[in-house]
Amino acid sequence: MAEPAVADTPSADEEPPEEDTDAADMLVVADLVDEVRVLDERPRYHLSSCSWLAGRPTLGLPVQEARQLQFTPCALCTPDAVLVRRSRTG
């Protein structure tokens, strides 16, 4: 499957879609303390490399805490998939 084109990145006013995380990965993420980035008043959490975050002021939180605070993962940078993959290979 091809990577999304730059044109597919939502504008500054649009929220990126939510990553579709399967139940097994969600259980792994619930125990991780890797840092993700969040924006005040926005519902998604992101990897620091997410293109949607470019130039925006962010706050770092452990992914476990971001989930507890009801943030959901960004479909553009897929933090859950990346962090689960890292946890399984590390």
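The following paragraphs examine the structure supplied in this document.

Cut-offs applied
Residues numbered from 1 in each chain as written. Predicted model: local features only at pLDDT ≥ 70, side-chain atom pairs only at ≥ 80, totals over all residues. Heavy atoms only, no water. Pairing = 2+ DSSP bridges. Helix = DSSP H or I, 4+ residues; strand = E, 2+ residues; numbered from the N terminus. Contact = heavy atoms within 4.5 Å. Axes fitted to C-alpha atoms, helices over the stretch in contact; angles between N-to-C directions. Core = buried A, V, L, I, M, F, W, Y, C linked by side-chain atoms within 4.5 Å. Buried < 20%, exposed > 50% of the residue type's maximum accessible area, 1.4 Å probe, protein only. Salt bridge = Lys/Arg side-chain N within 4 Å of Asp/Glu carboxyl O.

1. Things to note about the sheet that holds strand S1 (residues 35–38)
For sheets, the rule is that strands pair by backbone hydrogen bonds, running either parallel or antiparallel. Here four strands make up an open sheet; going across it, the order is S3-S1-S2-S4 and the pairing mixed. Of all the strands in the sheet, just strand S3 (59–62) and strand S4 (72–73) have a single pairing partner and so form its edges. Sheet topology note: the strand S2 (residues 44–46)/S4 ladder contains two bridges and is parallel. Counterpart to Arg44 in the pairing with S4 is Thr72. Each of S1, S2 and S4 touches helix H3 (residues 79–89); the most contacted strand, S2, lies at about 45 degrees to it.

2. Quick notes on the nonpolar core
In terms of nonpolar packing, the biggest core is built from 19 residues, with Val36, Tyr45, Cys50, Val63, Ala66, Phe71 and Leu83 touching the most fellow members. Breaking this core down by element, the ones donating at least two residues are S1, helix H2 (63–68) and H3.

3. Thoughts on the environment of Val38
Along the chain, Val38 falls in strand S1. Overall, the relative accessible area of 4% leaves Val38 in the buried class. Sequence spacing of Val38 and Gly60 is 22 residues, and the spatial spacing of their C-alpha atoms is 6.5 Å. When sequence neighbours within four positions are dropped, the list of residues in contact with Val38 reads Arg44, Tyr45, Pro57, Thr58, Leu59, Leu61 and Phe71.

4. Some thoughts on the pattern of salt bridges
Per the stated rule, a full pass over the model turns up four salt bridges. Between Arg37 and Glu35 there is a salt bridge, with its nearest N and O atoms 3.0 Å apart. Linking Asp80 and Arg67 is a salt bridge whose minimum nitrogen-to-oxygen distance equals 2.5 Å. Taken together, the residues span a long stretch of sequence, with Asp80 in helix H3 and Arg67 in helix H2 at a distance of 13 residues.

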